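An overview of the molecular structure
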Amino acid sequence: MIDAVARICGICPMAYQMSVVTLMEKAFEVEVTPWIHRMRRMMYLGEWMESHYLHTHILAAPDFLQYRSAIEMAKDFPDEVKRGVRLQHLGNDILTLFGGRSVHPGGVKVGGFYRAPTHKEIKSLIPRLKEAKKDARDVVNWFAGLPFPEVEFEDLTQVALTDPDGRYPVIADYVITNKGLQIPIEQWDQYFDEFHVPQSTALHSTKDGKPYLTSPLSRLNLNFDKLPLEVQALANSTGVNFPSNNIFHSILARGIECYYAIGEILNICENYQYPERSYVDVAFKAGKAWGASEAPRGIQIDYFEFDDKGRATKIRITPPTAQNLACMEADLRQSLTKFGLDQSDDALRLHAEMVIRNYDPCISCSAHFLTLNVTRK
């Protein structure tokens, strides 16, 4: 099951693996060790780095700087692109350390990990992480200088996980919104609706009949006080006031989260202890449970039921891209109207692509492809 759900996405397999492995452990009444919790956090943050730096440097930054591709942008910003790729590779290497490979890693199991990294493997990461932290600060400062469109999403509901223990959320059991809601993930269906729409094969989601945003920006907005003071200071130095309703600030939120992730991973590595065992024993049983984690793109929330042999009899997976589809559509209507519908077809298409890519969707519209049909009267 853990290997199967990873195949849903090649960029964020951890989102599916971690949400599902934690709900399986709840259903089977398995309590893992603090070491396993720390290592899962480290591995997941490695995925944030891999995904965020890929998106920001290859897909998003060219939009802000008006290039058609990262290859074009690299001609004028070679050092910035190389830096981003270098940081992305570090995230990939962290995934490989635990999972044997960075795409669909295979190291996660119910009850822990198949193997523990050695002291030598962990120690080799420390100098790279220290150098990466300097690079990550420079990335944030570069993103802060980008020309952000002045677009405030009106009356936007923002949704994220939160950790009552005071840590920035990665794997968590509570949901919060900017409207004052705080609920355990088990109450998700009481407040959020998932349904079919005629124009899409993907399910859409709303809260109180309205679109909502789950993303790095909403995560940062709603959990800003849980960031280390050093990271808060860096975010405040950018000139952007958080919380922000300008969804184009998402690229900056991703940069800030990566700076946080590198610092957190470095701290884990510097205090690493090799465990007696990298997993705990599991006895399969009938049960049901919810699981949730913060994928690079927002909340990944799932519900499974199991029979007495531990086989899944009901599976419900709700990825962040699907949750954001209604918000993307509303954002397109608002953004294109403000951009000016009298613009040329090419200009409208490029702006629409930028709006869509800003959500970093795990679908083909993260690439430059949009077919735009315009009816002019």
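Notes on the structure in this doc start here. Just so we're clear, the structure is a prediction, and the values are computed from it rather than from any experiment.

Let us look at empty space enclosed by the protein. Throughout the structure, instances matching the rule amount to four cavities of 30 Å³ or more. One number sums up the size of the largest cavity: a volume of about 40 Å³. Along the walls of the largest cavity sit V151, F153, N246, I247, F248, D331, V355 and N358, which together make up its complete lining. Looking at the lining of the largest cavity, its residues break down into five nonpolar, two polar and one charged.

A volume near 520 Å³ is recorded for the largest pocket. Lining the largest pocket are 20 residues, with T22, H37, I171, A172 and D173 sitting closest to its centre. When residues of the lining of the largest pocket are traced back to their parent elements, those giving at least two are helix 2 (13-27) and helix 3 (34-64). Of the residues in the lining of the largest pocket, the class split is eight nonpolar, two polar and ten charged.

Now for the environment of M1. Along the chain, the position of M1 falls in the segment before helix 1 (2-6). Given the relative accessible area of 38%, M1 is considered partly exposed. Between the alpha carbons of M1 and I183 there is a distance of 28 Å; along the sequence they are 182 residues apart. Apart from the residues lying within four places of it in its own chain, the contact partners of M1 are V20, M24, F304, A312 and I315.

Turning our eyes to something else, we now look at the sheet that holds strand 10 (residues 298-306). Read from one edge of the open sheet, three strands run 9-10-11, paired in antiparallel fashion. Either end of the sheet is taken by a strand with one partner, and the two such strands are strand 9 (287-295) and strand 11 (312-318). The average angle at which neighbouring strand axes cross in this sheet is 15°, direction not considered. Where strand 10 and strand 11 come together, six bridges link them in antiparallel fashion.

Our focus in this paragraph is the packing of helix 3 against helix 12 (residues 345-358). At a closest axis distance of 10 Å, the pairing of helix 3 and helix 12 adopts a crossing angle of 145°. Crossing angle aside, the handedness with which helix 3 passes helix 12 is left-handed. Judged by residue contacts, H55, L59, D63 and F64 of helix 3 engage M354, R357 and N358 from helix 12. The residue makeup of the contact of helix 3 with helix 12, split by class, is three nonpolar, two polar and two charged.

The next point concerns unusual backbone geometry. P243 follows F242 through a cis peptide bond whose omega is 10°. As for its position among the elements, P243 is in the loop between helix 9 (229-236) and helix 10 (250-270). Positive phi is not limited to glycine here, since E29 has a value of about 55°. Structurally, E29 is set in the loop between helix 2 and helix 3. In this model, Q66 sits at a positive phi of 65°, which is unusual for a non-glycine residue. With respect to the secondary-structure elements, Q66 resides in the loop between helix 3 and helix 4 (70-76).

Cut-offs and rules
Residues numbered from 1 in each chain as written. Predicted model: local features only at pLDDT ≥ 70, side-chain atom pairs only at ≥ 80, totals over all residues. Heavy atoms only, no water. 1 Å grid on protein atoms, 1.4 Å probe; cavity = no way out; pocket = protein on both sides within 12 Å on 5 of 7 lines; lining within 4 Å. Points joined across faces, edges and corners; volume = space filled by probe spheres on them. Nonpolar A, V, L, I, M, F, W, Y, C, P; charged D, E, K, R; others polar. Helix = DSSP H or I, 4+ residues; strand = E, 2+ residues; numbered from the N terminus. Buried < 20%, exposed > 50% of the residue type's maximum accessible area, 1.4 Å probe, protein only. Contact = heavy atoms within 4.5 Å. Pairing = 2+ DSSP bridges. Axes fitted to C-alpha atoms, helices over the stretch in contact; angles between N-to-C directions. Left-handed = near helix turned anticlockwise from the far one by under 90°.

Purely spatial values, then, with no claim about function.
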